[in-house]
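Listed below, chain by chain, are the residues.
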Amino acid sequence: MHIPDGYLSPQTCGVMYAISLPVLAYASKKVIKNTSNRTLPLLGIFSAFSFLVMMFNVPVPGGTTAHGIGGTLIAIVLGPWEAVLAVSMALFIQAVFFGDGGILAYGANVFNMAIVLPLVGYGVYKLISKDAPFGSKRQLIAAAIGSYVGINAAALLDGIELGIQPLLYHTANGTPLYCPYPLSQAVPAMMLAHLTIAGFVEVVITVGVLAFVYKYAPEIFALREGLNEKNTA
Amino acid sequence: MKKTLLKLFIFLVAIAILTPLGLLAEGDAWGEWSADTLQKLVGFVPEGIKKFSSLWNAPFSDYSIKGLNDTAGYILSAFLGIILLVGVFYLLDLVFFKKKAQ
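Not measured: the values here are computed from a predicted model.

Analysis parameters
Each residue is numbered by its place in its chain's sequence as written, counting from 1. To read the labels, note that chains go from A and ligands from 1, taken in the order they are written. Residue-level local features of this predicted model are given only where pLDDT is at least 70; pairs of side-chain atoms are given and counted only at 80 or more, and the full residue set underlies all totals for whole chains, interfaces and linings. Counting from the N terminus, the helices are DSSP H or I runs at least four residues long and the strands are E runs at least two residues long. The atom set for the radius of gyration is the C-alpha atoms, and the globule formula is 2.2 Å times the number of residues raised to the power 0.38. A residue is called partly exposed when the number of other C-beta atoms within 10 Å of its own lies between 12 and 20, exposed at 12 or fewer, and buried at 20 or more, with C-beta atoms placed from the backbone. Think of it this way: build a C-beta for each residue from its backbone, and any pair within 7 Å is a contact. The axes used here are C-alpha line fits, helices contributing only the stretch in contact, and every angle between their N-to-C directions lies in the interval 0 to 180 degrees. Every angle not falling under 35 degrees, over 145, or within 65 to 115 is termed oblique; those three ranges are roughly parallel, roughly antiparallel and roughly perpendicular. In this scheme the crossing of two helices becomes right-handed for a clockwise turn of the near helix relative to the far one and left-handed for an anticlockwise turn of less than a right angle. Ten residue types, Ala, Val, Leu, Ile, Met, Phe, Trp, Tyr, Cys and Pro, are classed as nonpolar, four, Asp, Glu, Lys and Arg, as charged, and the remainder, Gly among them, as polar. As used throughout, a nonpolar core is a set of buried Ala, Val, Leu, Ile, Met, Phe, Trp, Tyr and Cys residues joined through C-beta atoms within 7 Å of each other. pLDDT is defined as a per-residue confidence score from the predictor, taking values between 0 and 100. Multiply 1.5 Å by the residue count of a helix minus one, and that product is the helix's expected span.

1. Comments concerning the overall build of chain B
Right, on to step 1. Regarding its fold elements, chain B presents four helices and zero strands.
Right, on to step 2. Helices and strands appear in chain B in the N-to-C order α-α-α-α.
Right, on to step 3. Taken over C-alpha atoms, the radius of gyration comes to 19 Å for chain B, far larger than the 13 Å a tight globule of 102 residues would show.
Right, on to step 4. Within the span of chain B, comprising 102 residues, buried residues form 24% of the whole.
Right, on to step 5. In chain B, the proportion of contacts linking residues at least 24 apart, taken out of those at least 6 apart, comes to 44%.

Structure follows, in C-alpha cells:
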C-alpha cells in the first residue's frame, strides 16, 4: 500500500500533505501531553513492530502481494493518536532509508495507512467493544472487526487516489501521466487484495498480539486504563 | 516498565529474524511497480513516473544491502528499522519527558 513517487500527481501529493500534516501536528500534541506515563519508549517498540509487519509480504489473488500494518492494534494498546504517530514514523523510515513509499507520496501514504487506518479501525473497535475488559472475548472480536475494517478503509482510499490519476492527469491524446490504471481497475485490485488476504493477516496480527500482551505484558493495558481515567477526569 | 520493554524488545527481535518469510511471495504489491515492470505491464511508462520515480535514491532500496544476499539484507534491514524507530522514540522521550519532569 506504499504509493511510490510518480504514481500520484504533484498536486495530489500536495493536497495529501495538506491534510496529513495538521493531523500529525495534532496527534503529536495529544501524545506529548501524555508522556508522563512513559508511553514514548513503548511507542518506539510498537512503531518498529508495525515496520516489521509491513515486511511480511503475502501473495494475494491477481499475482500481486500485500501486507498487514498493525495500526488498529497500536490504537487499541496505546491509543489512536499514538498509533497515528507510530505508523507515520515507520512509514517515514521506510520511505527515506528503504525506498518503500515515495517522498512526495509520503503525505498520501500517511493519510491512508497512519491516519485513516488506525482511526477507522479504532472507531469500529470502540463501537463494538463498548467498555469490554481487556482480554475478554468481546474485546478480541471487536479488535478483529476493527482491524479488518481499518485496513480495508485504507486500501479503498489508496485505490481511489491512484484510480483518479488517469481521469485528472493525461496528455492531450489521453495517455495517463501518472498511475495508468483507472478507478475501475485500481479500486477492485486494492480491495481484492485486502478483503481476501491482507485484511485477515491484519486480524491475526491484531488478535494475536493483543493475546500476547494480555498474557506476557498485561501491565501495558493497566497503563492505558490509567490514561483513560486521566483523560475523562 | 523496563522489564516490559525488554520483553517486547525480545519479541521484536524474534519477528525480525522471521522477516525473510516476506520474501517468499512473488511479484510486487499492486501499484508499486518499477518503471521497467510498468513498461512490461501496460506497454509504456507514464511521463510522471519517468520524472519522479527516481526522485529519491534510498540507501537500502527494497530492504536490500549492498554486498549481502537477499535474506541477510532483509534481516539486517529489519534490525536497522528497529534501531531507528526505537531510537527516535527514545530520543523524543528524553526530550519531552525530561522537559515535563522539570
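2. Brief notes about the overall build of chain A
Right, on to step 1. Looking only at helices and strands, chain A features nine helices and two strands.
Right, on to step 2. When the helices and strands of chain A are placed in sequence order, the string is α-α-β-β-α-α-α-α-α-α-α.
Right, on to step 3. Overall size of chain A, expressed as C-alpha extent along the three principal axes, is 60 × 35 × 30 Å.
Right, on to step 4. Out of the 233 residues in chain A, the part that is buried amounts to 58%.

3. So, the packing of helix α3 (residues 71–78) of chain A against helix α4 (residues 80–98) of chain A
Residues and elements named next belong to chain A.
Right, on to step 1. Close contact between α3 and α4 brings their axes to 7 Å; oriented N to C, the two are set at 135°. In terms of orientation, α3 and α4 fall into the oblique class. In this structure, the crossing between α3 and α4 has a hand that is right-handed. Of α4, the residues touching α3 (which contributes Gly 71, Ile 74, Ala 75 and Leu 78) are Pro 80, Glu 82, Ala 83, Ala 86 and Val 87.
Right, on to step 2. In terms of residue class, the contact of α3 with α4 is built from seven nonpolar, one polar and one charged.

4. Structural notes on the environment of A:Val84
Right, on to step 1. Along the chain, the position of A:Val84 falls in helix α4.
Right, on to step 2. Once residues within four sequence positions are removed from consideration, A:Val84 is found in contact with A:Val23, A:Leu24, A:Ala27, A:Ala114, A:Ile115 and A:Pro118.

5. Side note on the nonpolar core
Right, on to step 1. Counting residues in hydrophobic clusters, the biggest one holds 102 residues, and the most contacted among them are A:Val87 and B:Leu85.
Right, on to step 2. Setting aside residues up to four positions removed in sequence, B:Leu85 forms contacts with A:Gly44, A:Ser47, A:Ala48, A:Phe51, A:Met89, A:Ala90 and A:Ile93.

6. Notes on the interface of chain B and chain A
Right, on to step 1. Counting from both sides, the interface comprises 52 residues of chain B and, opposite them, 55 residues of chain A.
Right, on to step 2. Only α1 (2–18), α3 (47–52) and α4 (70–101) of chain B provide two or more residues apiece to the side of chain B that touches chain A.
Right, on to step 3. Element by element, the count of residues in the side of chain B that touches chain A is highest for α4(B), at 16 residues.

7. Some thoughts on the packing of helix α5 (residues 106–129) of chain A against helix α6 (residues 137–163) of chain A
Residues and elements named next belong to chain A.
Right, on to step 1. For the pair α5 and α6, interaxial distance at closest approach is 7 Å and the crossing angle is 150°. One way to sum up the angle between α5 and α6 is to call them roughly antiparallel. Crossing handedness for the pair α5 and α6: right-handed.

8. Quick word on the confidence of the model for chain B
Right, on to step 1. Taken as a whole, chain B shows an average pLDDT of 93; of its residues, 95% reach a score of 70 or greater.
Right, on to step 2. Here the prediction assigns the complex a pTM of 0.95, and the interface score ipTM is 0.95.

9. Here's the deal with unusual backbone geometry
Right, on to step 1. The phi dihedral of A:Lys130 is positive, around 50°, even though this residue is not glycine.
Right, on to step 2. For A:Lys130, the location among the structural elements is in the loop between α5 and α6.

10. Quick notes on helix α1 (residues 10–33) of chain A
An α-helix turns once per 3.6 residues; consequently, residues spaced three or four apart project the same way.
Residues and elements named next belong to chain A.
Right, on to step 1. In this model α1 runs 34 Å from its N-terminal to its C-terminal C-alpha over 24 residues, within 8% of the 34 Å that 1.5 Å per residue would give.
Right, on to step 2. Every buried residue of α1 is accounted for by Thr 12, Cys 13, Met 16, Ser 20, Ala 27 and Val 31.
Right, on to step 3. In this structure, the buried residues of α1 make contact with α4, α5 and α6.

11. Looking at the environment of A:Gly123
All names here are of chain A.
Right, on to step 1. Along the polypeptide, Gly 123 turns up in helix α5.
Right, on to step 2. C-beta crowding within 10 Å serves as the criterion here: with 17 such atoms nearby, Gly 123 is assigned to the partly exposed category.
Right, on to step 3. Taking the C-alpha atoms as reference points, Gly 123 and Pro 80, 43 residues apart in sequence, are found 8.9 Å from one another.

12. Thoughts on the environment of A:Lys30
Right, on to step 1. If you trace the backbone, A:Lys30 turns up in helix α1.
Right, on to step 2. Residues A:Lys30 and A:Ala18, spaced twelve residues apart in sequence, show a C-alpha to C-alpha distance of 19 Å.

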